[in-house]
Amino acid sequence: MVTTNVGDDFDEVERNLEWLEQLESLQARSASERAAFEVAEYVMKLRGAVLALAGTRTIDELDATTDTDTAQLVAELRDEGDNDQWNSRIRPALLKTDA
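Sequence order sets the numbering: in each chain, residues are counted from 1 along the sequence as written. Totals for whole chains, interfaces and linings use all residues, but because this is a predicted model, local features are given only for residues with pLDDT of at least 70 and pairs of side-chain atoms are given and counted only at 80 or more. In computing side-chain properties, one takes all heavy atoms of the structure into account and sets aside hydrogens as well as water.

Draft legend 1. Looking closely at helix α1 (residues 6–54). With 49 residues, α1 should reach 72 Å at 1.5 Å per residue; the first-to-last C-alpha distance of 72 Å fits that figure. All of the buried residues along α1 are A36, A40, R47 and A54. Throughout, a contact is declared for two residues whenever any of their heavy atoms are within 4.5 Å. The helix count covers DSSP runs of H or I at least four residues long, the strand count covers runs of E at least two residues long, and both are numbered beginning at the N terminus. On the buried face of α1, the contacting elements are α2 (59–65), α3 (68–80) and α4 (85–95). Immediately beyond the C-terminal end of α1, within one or two residues, lies G55, with a positive phi of roughly 60°. An expected span of 1.5 Å times one less than the residue number is assigned to each helix. Residue exposure (1.4 Å probe, protein chains only): buried if accessible area is under 20% of the type maximum, exposed if over 50%, otherwise partly exposed.

Rendered as structure tokens:
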């Protein structure tokens, strides 16, 4: 005759549910971190594309053919390089690093 203790079974189910909740939380955090890295990678590619498309045109030429915001962005990318807002504030906050 096999007897089971309902209390033990309930405790086991409760532990398994807690474990599943922790696993789901880890999976969600991992997906969020992965998405942040993909965003950062995409922005870095866009930055390179902006500079490539700007070519050797001066900021005044870009301002005349695009708009002031675009010309200013190109100027920042050219002048500040790795010390611009993206690299100094935005990317580290997105990736939660000091880099």
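Draft legend 2. Seen up close, the pattern of salt bridges. The rule for a salt bridge is simple: a side-chain nitrogen of Lys or Arg has to be within 4 Å of a carboxyl oxygen of Asp or Glu. Under the counting rule described, the total for this entry stands at two salt bridges. For E12, the salt bridge is made with R15, and the minimal N-O distance between the two is 2.7 Å. Of this pair, E12 and R15 both sit in helix α1, three residues apart, which is roughly one turn of the helix. Residue R15 is classed as partly exposed on the basis of its relative accessible area of 48%. Between D84 and R47 there is a salt bridge, with the nearest N and O atoms lying 2.4 Å from each other. Of the two residues, D84 sits in the loop between α3 and α4 while R47 sits in helix α1, which places them 37 residues apart along the sequence. Of the two residues, D84 and R47, both sit in the buried class.

Draft legend 3. Structural view of the side chain of D84. Since its relative accessible area comes to 4%, D84 is described here as buried. Identification of polar contacts relies on pairs of N or O atoms within 3.5 Å, with a donor-acceptor requirement for protein atoms, meaning one able to donate a hydrogen and the other able to accept it, and with residues adjacent in sequence counted only if both atoms are side-chain atoms. Polar contacts involving the side chain of D84 include one to the main-chain amide nitrogen of N87, which spans 3.1 Å. Beyond its immediate chain neighbours, meaning those up to four positions away, D84 contacts R47 and L77.

Draft legend 4. Representation of the layout of surface pockets in the model. Using a grid of 1 Å spacing that covers the protein atoms alone, one calls a set of points a cavity when a 1.4 Å probe fits there but cannot get out, and a pocket when the set is open and has protein on both sides within 12 Å along at least five of seven lines; lining residues are those with an atom within 4 Å of a point. Grid points are joined across faces, edges and corners, and a volume is the space filled by probe spheres set on the points. Estimated volume of the largest pocket: approximately 170 Å³. Taken together, V43, L46, R47, V50, L73, E76, L77, D84, Q85, W86 and I90 form the lining of the largest pocket. Counting residues per element, the ones that place at least two in the lining of the largest pocket are α1, α3 and α4. Counting residues per element, the lining of the largest pocket draws most heavily on α1, which supplies four residues. Residues that form the lining of the largest pocket fall into these classes: seven nonpolar, one polar and three charged. Only Asp, Glu, Lys and Arg are considered charged in this grouping, and only Ala, Val, Leu, Ile, Met, Phe, Trp, Tyr, Cys and Pro are considered nonpolar; every other residue, Gly among them, is considered polar.

Purely geometric stuff here, so don't read any function into it on its own.
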